[in-house]
Amino acid sequence: MTTNLKDRNLIAILGDEDSVTGMLLTGIGDVNINNNANFKVIDSKTPVSDIKDTFEEFTQRKDIAIILINQWIAELIRETMDGYTQTFPTVLEIPSKDLPYDPNKDSVLKRVQRLFKD
């Protein structure tokens, strides 16, 4: 079964409380009929296995177009992030309130740089 791109109409977020709250205030929050949310708050006590599971769940959903993830969280699952190569949903690493964005760690930017070097 192929997914029609027009069915991908959600933005998901894996982020710290401030990032998720900010995005929810913009109206991106959604809980589908199966009670699956398109957001998850991550803190220092969240097990890495839960972060990986949520990331993989978001990448498999056919209604998500973009996944936003705080860069410090992406660092916790960097191997999984680097292994993700699908176009949709697109994964974008974003800064958090307390930690600046480091382009040298961004897996998408690294792939783009490799394309231009070849």
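- Identification of the chain as V-type proton ATPase subunit F from Smittium culicis is taken from an unreviewed UniProt entry.
- If you open the UniProt record of the chain and go to Function (unreviewed entry), you find "Subunit of the V1 complex of vacuolar(H+)-ATPase (V-ATPase), a multisubunit enzyme composed of a peripheral complex (V1) that hydrolyzes ATP and a membrane integral complex (V0) that translocates protons. V-ATPase is responsible for acidifying and maintaining the pH of intracellular compartments."
- Under the UniProt heading Sequence similarities (unreviewed entry), the note attached to the chain is "Belongs to the V-ATPase F subunit family."

Things to note about the pattern of salt bridges
- Following the criterion strictly, the structure yields five salt bridges and no others.
- A salt bridge links Lys-97 to Asp-18; the shortest N-O distance between them is 3.0 Å. Within this pair, whereas Lys-97 is found in the loop between strand 4 (90-94) and helix 5 (107-117), its partner Asp-18 is found in helix 1 (residues 17-25), the two being separated by 79 residues in sequence.
- For Asp-18, a relative accessible area of 45% gives the class partly exposed.
- Of the charged contacts in the structure, one is a salt bridge between Arg-78 and Glu-75, with a shortest N-O distance of 2.7 Å.
- Its relative accessible area of 11% is what places Arg-78 among the buried residues.
- Accessibility expressed as a relative area gives 33% for Glu-75, which makes it partly exposed.
- Connected through shared salt-bridge partners, Glu-75, Arg-78, Asp-82 and Glu-93 make up one network.

Focus on the pairing of strand 3 (residues 64-70)
- Of all seven residues in strand 3, six are buried, a share of seventy percent or more.
- Bridging between strand 1 (residues 10-15) and strand 3 involves five bridges; their strand directions are parallel. In the strand pairing of strand 3, Ile-13 is matched with Leu-68.
- Here five bridges tie strand 3 to strand 4, and the two strands are oriented parallel to one another. Looking at the pairing, Leu-68 lines up with Leu-92 of strand 4.

Structural notes on the sheet that holds strand 2 (residues 39-41)
- Read from one edge of the open sheet, four strands run 2-1-3-4, paired in parallel fashion. Of all strands in the sheet, those with a lone pairing partner are strand 2 and strand 4, marking the two edges. Shown here is a sheet whose adjacent strand axes are inclined to one another by a mean of 20 degrees, direction ignored.
- In terms of strand pairing, strand 1 meets strand 2 through three bridges, oriented parallel. Each residue of the ladder has a partner; that of Ile-13, found in strand 2, is Phe-39.
- Set on the sheet, helix 2 (residues 48-60) makes contact with strand 1, strand 2, strand 3 and strand 4; between it and strand 1 the angle comes to about 170 degrees.

What counts, and at which threshold
- Residues numbered from 1 in each chain as written.
- Predicted model: local features only at pLDDT ≥ 70, side-chain atom pairs only at ≥ 80, totals over all residues.
- Heavy atoms only, no water.
- UniProt positions renumbered as here; feature names shortened; annotations may be inferred.
- Salt bridge = Lys/Arg side-chain N within 4 Å of Asp/Glu carboxyl O.
- Helix = DSSP H or I, 4+ residues; strand = E, 2+ residues; numbered from the N terminus.
- Buried < 20%, exposed > 50% of the residue type's maximum accessible area, 1.4 Å probe, protein only.
- Pairing = 2+ DSSP bridges.
- Axes fitted to C-alpha atoms, helices over the stretch in contact; angles between N-to-C directions.
- Contact = heavy atoms within 4.5 Å.

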